[in-house]
Amino acid sequence: MTRMIERWFPCAEVTANAKSGWGSGRSEKTLFTWFAARPLAQAKAAVICSLLSWPDEEAEQERLCGLVRKAMEGRDAAHSELVEELARHHPDGASVLDSFSGRAMIPLEAARLGVKAWGIDYSPVATLAGTLLADYPLRDWSGEPPLPFDGYEQWATGHFTEPRLMRDVGFVLKLVGERYEAAMDEFYPKVNGKRPWGYLWAVTVPCVGCGRRFPLVGNLQLRRPDQKKGDPGQSYRIVADSGAGTFRAEVHHGPPAGSAPLVKVPGRGRGKSAVCVFCDHVHPFDVHTRLTGDGLATDSLLVVADLDERTRTHYRAPVAKEFQAADAAAAMLRSEPEFAPGLPAVPHERAAGTTGPRSYAKYGYRTFGDCCNARQTLGFVRLARTIDHIAGDLRGGGQLQ
């Protein structure tokens, strides 16, 4: 039996709908980010055209092609007509097997049409993604017991019009956020009554000339000027204290007033050279990458970004308690216990991949636990513990099987 997909496929309609809107698959991607995301329009068309038989009569061919084109007009377009058509083609019920299902976009679209669907993938991450996308949302959760957390009854009352799964997921995400914020509160202090929007860090290496540490930054501009708003923009300069052997970032309005430590030096070969802010010693590309690759790099907090009504972000130098909080996070990370025997808080798997043309090792990142600064890593550890504790509570209450 010849299938429609062997003779015809709505390429133009898939292309038109894959760029934006329902067919882009962006909504599904927000549920579970996937490295090889495919547009939903492609999955829907593939399922329909794989299940429908290709008739011999030209008039019937045109009718089916018209039905598929109509189905591509929206997420649920021509849904009832498609279900009836599939019932005629498969009186005993249709089924779909996707043997390389990834995050299960094909099984999802098949299930939405009432077709039994199976997805197989070697990756356990893909299996998890497919379960969250194409299995759980299609189940009936109305008979599940209430979640065993304080405040759930009030939440359920306030969200009684939502489907049960959406209601419970919303509550658990809120609970994760609240507990995570409490766990990390002391390491992200508020300044002037509000928590910063972001932080700018720099990798530092010891100068081979004077031995002092200096930052490897190649751009001193923080916010571009906006003439319409009368905003001159913001930049910063690195101010070195040779006597103390320390440096700091000094934020100012306007474009950068000087050169960044990482600059392209004529005659110094490939890549940028790193110029020490204390003694002006020039480190060619191969030298400062060797320093980082040998594990001599450390992280340093440079600039803090606050939200601003006029310019969206306003940059400033960190205050003392922000430096202290970052140091406290690094100390706390060193005392974090294992998640389980052989499973340390900071991952120790070797980072064998690359970022572009350079390997992680050239940045000094030997393990995946090295890829973030200490406070970021502590945040991931505390987030994992928060989720783990909530999952334990759910298992204890019988909500997780």
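Placed above this text is the structure.
Structure report, in brief. Values in this document were obtained by computation on a predicted structure and should not be read as measured data.

Next up on the list: the overall build of the protein chain. Secondary structure assignment for the protein chain yields 12 helices and 14 strands. Taken against the 2.2 N^0.38 rule, which gives 21 Å for 401 residues, the C-alpha radius of gyration of the protein chain at 28 Å runs more than 25% over that of a compact globule. Projected onto its principal axes, the C-alpha coordinates of the protein chain cover approximately 85 × 55 × 50 Å. Looking at the protein chain as a whole, 39% of its 401 residues are labelled buried. Sequence separation of 24 or more characterises 57% of the internal contacts of the protein chain that already satisfy a separation of 6 or more. Total accessible area computed for the protein chain in this model is approximately 22900 Å², and 54% of it derives from carbon and sulfur atoms. The average position of the 49 basic charges and that of the 47 acidic charges among the side chains of the protein chain differ by 9 Å.

What follows concerns the side chain of threonine 313. Here threonine 313 shows up in strand E12 (residues 312-316). In this structure threonine 313 touches Trp197, Arg223, Gln234, Asp306 and Asp308, once residues within four positions along its chain are discounted.

Two elements, strand E3 (residues 198-206) and strand E11 (residues 298-308), share seven bridges in a ladder whose sense is antiparallel. Bridging across to E11, valine 203 finds its partner in aspartate 299. Bridge count for E3 against strand E4 (residues 213-215) is three bridges, and the pairing is antiparallel. Within E4, the residue paired with valine 205 across the bridge is phenylalanine 214. Here E3 folds back onto E4 in antiparallel fashion, the turn holding six residues, of which glycine 211 has a positive phi close to 85°.

Definitions and cut-offs
Residues numbered from 1 in each chain as written. Predicted model: local features only at pLDDT ≥ 70, side-chain atom pairs only at ≥ 80, totals over all residues. Heavy atoms only, no water. Helix = DSSP H or I, 4+ residues; strand = E, 2+ residues; numbered from the N terminus. Rg over C-alpha atoms; globule rule 2.2 N^0.38 Å. Buried < 20%, exposed > 50% of the residue type's maximum accessible area, 1.4 Å probe, protein only. Contact = heavy atoms within 4.5 Å. Areas by Shrake-Rupley, 256 points an atom, 1.4 Å probe, with all protein chains shown as cover. Lys, Arg positive; Asp, Glu negative; His and termini not counted. Charge placed at Lys NZ, Arg CZ, Asp CG, Glu CD. Pairing = 2+ DSSP bridges.

So, to be careful, I would describe these as geometric facts and stop short of saying anything about function.
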